[in-house]
Amino acid sequence: QADLVESGGGSVQPGGSLTLSCDISGNIDAVHEVGWYRRQVPGQQREEVVTVTKDGKTKYADSVKGRFTIARDNAKNMLFLQMKNQETEDTATYYCNIIGDSGESMFDSFGPGTQVTVST
């Protein structure tokens, strides 16, 4: 099972930038996919922002293409989301995600989330 903790959220004006971080820990034997999701309205289903498979295939949501970049530091067990040229529609709670194996079990873990608010 993986334990994830996001940080770096906050308030930013439209056109601004933020970088989110995700600290990863736990007994992880293999990683199938990592990514970032967001929930714009409480109670709404999380929306996929970006995912990266173990083969390196990266998929961005159309709404963030060219503005957001996912990065990973395997040595520090961290995942990042660089957000540039932000829009008010980017206001959401952002969650990092890992799908992987721990022993003989497969897990799909999210962190508690970090809030990003884009407003004037």
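Refer to the preceding data block for the structure.
To start, this report covers the structure provided alongside it. What you see is a predicted model, and the numbers here were worked out from it, not measured in a lab. (Residues numbered from 1 in each chain as written. Predicted model: local features only at pLDDT ≥ 70, side-chain atom pairs only at ≥ 80, totals over all residues. Heavy atoms only, no water.)

1. Description of the overall build of the chain
- Scanning the chain from N- to C-terminus turns up zero helices and eleven strands.
- The order of α-helices and β-strands along the chain, N terminus first, is β-β-β-β-β-β-β-β-β-β-β.
- Computed over C-alpha atoms, the radius of gyration of the chain comes to 14 Å, within 12% of the 14 Å expected from 2.2 N^0.38 for 120 residues, which places it in the range of a compact globule.
- Looking at the chain residue by residue over its 120 residues, the buried ones come to 39%.
- Carbon together with sulfur atoms contributes 44% to the accessible area of the chain, which is approximately 6500 Å² in total.
- Counting 11 positive and 16 negative side-chain charges, the chain places the averaged centre of each group 5 Å from the other. (Helix = DSSP H or I, 4+ residues; strand = E, 2+ residues; numbered from the N terminus. Rg over C-alpha atoms; globule rule 2.2 N^0.38 Å. Buried < 20%, exposed > 50% of the residue type's maximum accessible area, 1.4 Å probe, protein only. Areas by Shrake-Rupley, 256 points an atom, 1.4 Å probe, with all protein chains shown as cover. Lys, Arg positive; Asp, Glu negative; His and termini not counted. Charge placed at Lys NZ, Arg CZ, Asp CG, Glu CD.)

2. Focus: the packing of aromatic side chains
- Throughout the structure, instances matching the rule amount to one aromatic pair.
- When the ring centre of F110 is taken as origin, the NZ or CZ atom of R46, which lies over that ring, is 3.7 Å away. (Phe/Tyr/Trp six-rings, centres within 6.5 Å; stacked < 30°, edge-to-face > 60°. Lys NZ or Arg CZ within 6 Å of the ring centre and 35° of its normal.)

3. Some details on unusual backbone geometry
- The backbone phi angle of N77 is positive, close to 55 degrees, even though this residue is not glycine.
- Tracing the sequence through the fold places N77 in the loop between strand 7 (68-73) and strand 8 (78-83).
- A positive phi angle, near 50 degrees, is found at N85, a position not held by glycine.
- Structurally, N85 can be placed in the loop between strand 8 and strand 9 (92-102).
- N85 gets classed as partly exposed once you look at its relative accessible area, which sits at 45%.

4. Here's the deal with the side chain of R38
- Tracing the sequence through the fold places R38 in strand 4 (residues 30-39).
- Look at R38 and you get buried, because its relative accessible area is 3%.
- Polar side-chain contacts of R38 include one of 3.4 Å to the side chain of S63.
- In terms of polar contacts, R38 uses its side chain to reach the side chain of D90, at 3.0 Å. (Polar contact = N/O pair within 3.5 Å; in protein donor to acceptor, adjacent residues only side chain to side chain.)

5. Structural notes on the sheet that holds strand 7
- One open sheet accounts for four strands, arranged 1-3-8-7; its pairing is antiparallel. Two strands bound the open sheet, and with one partner strand each, they are strand 1 (2-7) and strand 7. Within the sheet, the average angular offset between the axes of one strand and its neighbour, ignoring direction, is 20 degrees.
- Bridge analysis of strand 1 against strand 3 (residues 18-26) gives six bridges, and the strand direction is antiparallel. (Pairing = 2+ DSSP bridges. Axes fitted to C-alpha atoms, helices over the stretch in contact; angles between N-to-C directions.)

Without other data, these values stay purely geometric and don't point to any function.
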